[in-house]
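A closer look at the structure
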Amino acid sequence: MRSFQYRHIESRLERVATIISNGEARVADAANMKEFTRSAIDRAVAAVEKGRKAGKNGRPELFNQEEKETIFGVLKIECENGTSYNAAQMRKLMNAVINDRKKDDFDEEDEEVNISKTYPYQYTKRNPDLKASHPRNVDIQRLSASNQQTLLPFFTLLQNLHDQHHYSNSLIFNIDESSLRLSDSFSTLVFHPSDMPAGFSKTPMNMPNATLVVAAAADGYSLKSVVLWPCRKLPDELRFVLSSQLDVWGENEGWMTEALFLKYAEDVLLPGITQRRETLKKNDERCLLLLDSHSSRAQPDLWKKFADSSIDVVTFVPHTTHIAQPLDRGVFAVFKKTINANYEAPSSSSVVLRREALADVLPQALQTSLLPSTIKSSFAKSGVLSHQWHEVLAKLPKEPSVTLKKRTKRFDYFGKLITDEEFLIEWKKEKDERKESKNEEKDNEEIEKALFEDEKPKKRKFNPLKILNDDFSDDEKKERNTRKIVKRELVDYIYY
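In this report, the structure presented in the accompanying data block is examined.

What counts as what
- Residues numbered from 1 in each chain as written.
- Predicted model: local features only at pLDDT ≥ 70, side-chain atom pairs only at ≥ 80, totals over all residues.
- Heavy atoms only, no water.
- Helix = DSSP H or I, 4+ residues; strand = E, 2+ residues; numbered from the N terminus.
- Buried < 20%, exposed > 50% of the residue type's maximum accessible area, 1.4 Å probe, protein only.
- Expected span 1.5 Å × (residues − 1).
- Arc of directions from axis to C-beta.
- Contact = heavy atoms within 4.5 Å.
- Salt bridge = Lys/Arg side-chain N within 4 Å of Asp/Glu carboxyl O.
- Phe/Tyr/Trp six-rings, centres within 6.5 Å; stacked < 30°, edge-to-face > 60°.
- Core = buried A, V, L, I, M, F, W, Y, C linked by side-chain atoms within 4.5 Å.

Digging into unusual backbone geometry
At histidine 319, a residue that is not glycine, the phi angle is positive and equals roughly 70°. One can find histidine 319 in the loop between β6 (311–315) and α11 (321–324). A relative accessible area of 36% places histidine 319 in the partly exposed class.

Following this line, the structure appears as structure tokens:
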């Protein structure tokens, strides 16, 4: 059987059917090879003669090449718009394609085809151009910002800074916070005898809203991490996690505020970046710091210090950190996965025991998440390095699928170079004006309140003694023993 010129056909059964349909071999010759059954060969030959591909059992594929391209095109358009088809929608699309073909073939008398519920999965497995995956769950605000139109100005700004200053990966930093609350929905595989149930797993009880603050560089280096624990005095069980790479601050709040961020920036972040530059002997090179646009960052006086230290600070566009922020693209995911997998909920509901259980897994989880390989991979996925953002944008829809109104009244420092001198002057001026405006409003409120109190009619207390004495003249009042006489008359006045 001469099959050399048919080697471009991947399926051996389809190759045999093509040779037979071209008259270069007989069905009996192929059946004698005992590689395929006679019925499979017959079905494959019938499919090839109709211009369709044959499946592994000889059955023809449900769609021809043109119909496959139609299905692929529809799915591609959906992905470009930021959405995807689920199994039910995929099945509906396939049914529509088949029934449209039947109408074109003037087979309107035949019943409509309704493929099985499992066929979309089987079809995806047989087509390497398609893939079935779990979608990423995002809220409506992140969905409205996850597109090329929103992120292109941010990446363009970053690329211009890269071209201008040629940042070294060792001097590109990212700072972010993550909550230390353990997930009660985390699940992992367990092993058990097949004839017995898997049993139960203890879900962690709610912990105080503590925050982990991390800063890392693109070359895999990380600064000292800080945990903001909501307590005035640091618990003894948390003192065991203190090290050269991890510190715990006992504060009234367990989340980042303007005062806490100012303390962290001046005590940890700025000295750490300066020391890093001195260690690498790159004092003349500029640094790049990337951070989100949280309200605690609205401190132009602080960023003036960074600008004076040759550190360029760029903020992310709101609701896009799940795409462009390095720490969100890998480091925190590894941290949360590790800490949830290794945390063992204590048998008691004691807060002390829960803190001890958390302290046992916290250092190891942080060390695992801050491995140089994990940090480098996170920066690469985010696209913040020079000429690496095109791949990130290519996976996003061009325009937002959902449009929301901007309701923030804050100064627009989102997705901007906030250490630019002119920008800082404008920001400082706006902040001072807003502060003066608030003070004026407060003073006006106090003035209006005072005027209202003056104009408000004073309530007079009911005094029966005064009512009884009103019937007497001043001289008579003086002659009377007011306390005794009026008291006796008051009793008569009330009860009779």
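Thoughts on helix α3 (residues 38–49)
If you check α3, its first and last C-alpha atoms are 17 Å apart, about what 12 residues at 1.5 Å a residue would give, namely 16 Å. When α3 is considered as a whole, its buried residues turn out to be Ala40, Ile41, Ala44, Val45, Ala47 and Val48. Considered in projection along α3, the buried side chains sweep an arc of 160° and stay on one side of the axis. Buried residues belonging to α3 abut α1 (12–21) and α2 (27–32). Glycine 51, located one to two residues past α3, shows a positive phi value of around 80°.

As for the pattern of salt bridges
Opposite charge on two side chains permits them to pair, given that their charged atoms come into close proximity. The full count for this structure, using the stated rule, is 13 salt bridges. The salt bridge involving arginine 38 is made with aspartate 42; its shortest N-O contact spans 3.9 Å. Of the two residues, arginine 38 and aspartate 42 are both situated in helix α3; the distance of four residues between them amounts to about one turn of the helix. Overall, the relative accessible area of 46% leaves arginine 38 in the partly exposed class. Aspartate 412 is paired through a salt bridge with lysine 416; the nearest N and O atoms lie 3.3 Å apart. For lysine 416, a relative accessible area of 29% gives the class partly exposed. By sharing partners, the salt bridges in this structure join Glu177, Asp292 and Arg297 into a single network.

What to know about the environment of leucine 62
Mapped onto the elements of the fold, leucine 62 is located in the loop between α3 and α4 (65–80). On the accessibility criterion, leucine 62 (25% relative accessible area) is partly exposed.

Re the packing of aromatic side chains
The full count for this structure, using the stated rule, is 14 aromatic pairs. Ring plane angle 65° and centroid distance 5.3 Å describe the contact between phenylalanine 154 and phenylalanine 155, whose orientation is recorded as edge-to-face. For phenylalanine 155, a relative accessible area of 0% puts it in the buried group. When the ring of phenylalanine 155 is compared with that of tryptophan 389, the centres are 6.0 Å apart and the planes differ by 10°; the resulting orientation is stacked. Taken together, the positions of phenylalanine 155 in helix α8 (residues 148–165) and tryptophan 389 in the loop between α14 (372–382) and α15 (390–394) put the pair 234 residues apart, joining distant regions of the chain. Among the aromatic residues, those joined into a cluster by ring pairs are Phe411, Tyr413, Phe414, Phe423 and Trp427.

A look at the environment of serine 401
Position of serine 401 among the secondary structure elements: in the loop between α15 and α16 (421–455). Since its relative accessible area comes to 40%, serine 401 is described here as partly exposed. With residues up to four places along the chain from it excluded, the contact list for serine 401 reads Asn81 and Leu143.

Section: the nonpolar core
Formed by 54 residues in total, the largest nonpolar core has its most connected members in Phe154, Phe155, Val227, Trp229, Val314, Phe335 and Ile339. The greatest single-element share of this core, amounting to seven residues, is contributed by helix α13 (residues 351–369). Valine 314 has contacts with Phe154, Leu157, Leu158, Leu161, Leu288, Leu289, Leu290, Leu291, Lys416 and Leu417, leaving out every residue within four places of it along the chain. Formed by 35 residues, the second largest nonpolar core is a distinct cluster that contains Phe173, Ala217, Tyr264 and Phe414.

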